[in-house]
Amino acid sequence: MGAITSAIQMALIIGIVYLALTGNLEFANLVTGLLIGAGISLLVRPQSLSIAWGRLPIALWSILRYLGVLFMDLVKSGIQVGGIILSPRPKIDPGIVNIDANCKSELASALSAHAMTLTPGELVVEMDDDGHLFVHCLNVRNSARYAAEAQSLRRDLLSKIFE
């Protein structure tokens, strides 16, 4: 019975998020949101969905900080890659660095790898079973240090969101 309750809770949460994103509260859209939520919850099949309401403010604040950090990383690296592209003699030293994701949750590791891949000039080419990310960078010397520092901040924020 717990799995059914979790699936219903997940479907309702996804439906509410869908409605908030669309901003349309017409009956057809309400039904669509619930159907999308039900479909996703059937695909994911949550074992147990427990919301720690006491941790919610910390998790929401961490989500906002995570999105802010991601946005700033995108802007800064976009400017750096733009400078490399527009430079008559680009100074690049491409290579692959190994960064330990060190996240307890697989979802947190995947989101961290996604954030790195979104950042211009970096691409996660592999993630092994131990949580090591192999990242291709345009400039190995600068990127190795920066990526490790950025991963540490992402790991802290993601642990506050998912634990």
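Bear in mind the structure is a predicted one, so any value in this text is a computation, not a measurement.

*Asks:* I tried to follow the confidence of the model for the protein chain on my own but got confused; where do I start?
*Replies:* Any region with low pLDDT has predicted coordinates that should not be read closely. In this model, the protein chain carries an average pLDDT of 82, and 93% of its residues clear a pLDDT of 70 or more. At the level of individual helices and strands, the protein chain shows its lowest average pLDDT in helix H5 (residues 140-162), which scores 79, and its highest in strand E2 (residues 122-127), which scores 88.

*Asks:* Hey, could you run me through the packing of helix H3 (residues 56-86) against helix H4 (residues 106-118) in this one?
*Replies:* When two helices pack together, their arrangement is captured by the angle between the axes and the distance separating the axes. One way to put it is that H3 packs onto H4 with a least axis distance of 9 Å and a crossing angle of 25°. Overall, the two elements H3 and H4 adopt an arrangement that is roughly parallel. On H4, the residues that touch Tyr 66, Leu 70 and Leu 74 of H3 are Leu 111, Ser 112, Ala 115 and Leu 118. Classifying every residue of the contact of H3 with H4 gives 6 nonpolar, 1 polar and no charged.

*Asks:* Would you mind showing me how to read the layout of surface pockets here?
*Replies:* Once rolled over the atoms, a probe with the size of a water molecule shows which space is left empty. Here the second largest pocket defines a volume of roughly 340 Å³. Along its surface, the second largest pocket is lined by 15 residues, and Gln 80, Asn 139, Asn 142, Ser 143 and Tyr 146 are the ones closest to its centre. Counting residues per element, the ones that place at least two in the lining of the second largest pocket are H3 and H5. Here the lining of the second largest pocket gets 5 residues from one element, more than from any other, and that element is H3. Its residues placed into classes, the lining of the second largest pocket shows 5 nonpolar, 6 polar and 4 charged.

*Asks:* Is there a simple way to explain the nonpolar core in this structure?
*Replies:* Soluble, globular proteins show a tendency: their nonpolar side chains are buried together. Counting residues in hydrophobic clusters, the biggest one holds 10 residues: Val 97, Ile 99, Ala 101, Ala 113, Met 116, Val 124, Leu 133, Val 135, Cys 137 and Ala 147. Mapped onto this core, the elements with two or more residues apiece are strand E1 (95-100), H4 and strand E3 (132-137). Here this core gets 3 residues from one element, more than from any other, and that element is E3. Ignoring anything within four residues of it in the chain, the contact list for Ala 113 reads Val 124 and Leu 133. Membership of the second largest hydrophobic core comes to 8 residues, among which are Tyr 66, Ala 115, Leu 157 and Leu 158.

*Asks:* Hey, could you run me through the packing of H4 against H5 in this one?
*Replies:* Look at H4 against H5: their axes get within 10 Å of each other, and the N-to-C directions meet at 140°. On the basis of their axis angle, the class for H4 and H5 is oblique. The crossing of H4 and H5 is right-handed. Contacts between H4 and H5 involve Leu 107, Ala 108, Leu 111, Ser 112, Ala 115 and Met 116 from the first element and Ala 147, Gln 151, Arg 154, Leu 158 and Phe 162 from the second. Its residues placed into classes, the contact of H4 with H5 shows 8 nonpolar, 2 polar and 1 charged.

Parameters and conventions
Residues numbered from 1 in each chain as written. Predicted model: local features only at pLDDT ≥ 70, side-chain atom pairs only at ≥ 80, totals over all residues. Heavy atoms only, no water. pLDDT = per-residue confidence, 0-100. Helix = DSSP H or I, 4+ residues; strand = E, 2+ residues; numbered from the N terminus. Axes fitted to C-alpha atoms, helices over the stretch in contact; angles between N-to-C directions. Parallel < 35°, antiparallel > 145°, perpendicular 65-115°, else oblique. Contact = heavy atoms within 4.5 Å. Nonpolar A, V, L, I, M, F, W, Y, C, P; charged D, E, K, R; others polar. 1 Å grid on protein atoms, 1.4 Å probe; cavity = no way out; pocket = protein on both sides within 12 Å on 5 of 7 lines; lining within 4 Å. Points joined across faces, edges and corners; volume = space filled by probe spheres on them. Core = buried A, V, L, I, M, F, W, Y, C linked by side-chain atoms within 4.5 Å. Buried < 20%, exposed > 50% of the residue type's maximum accessible area, 1.4 Å probe, protein only. Left-handed = near helix turned anticlockwise from the far one by under 90°.

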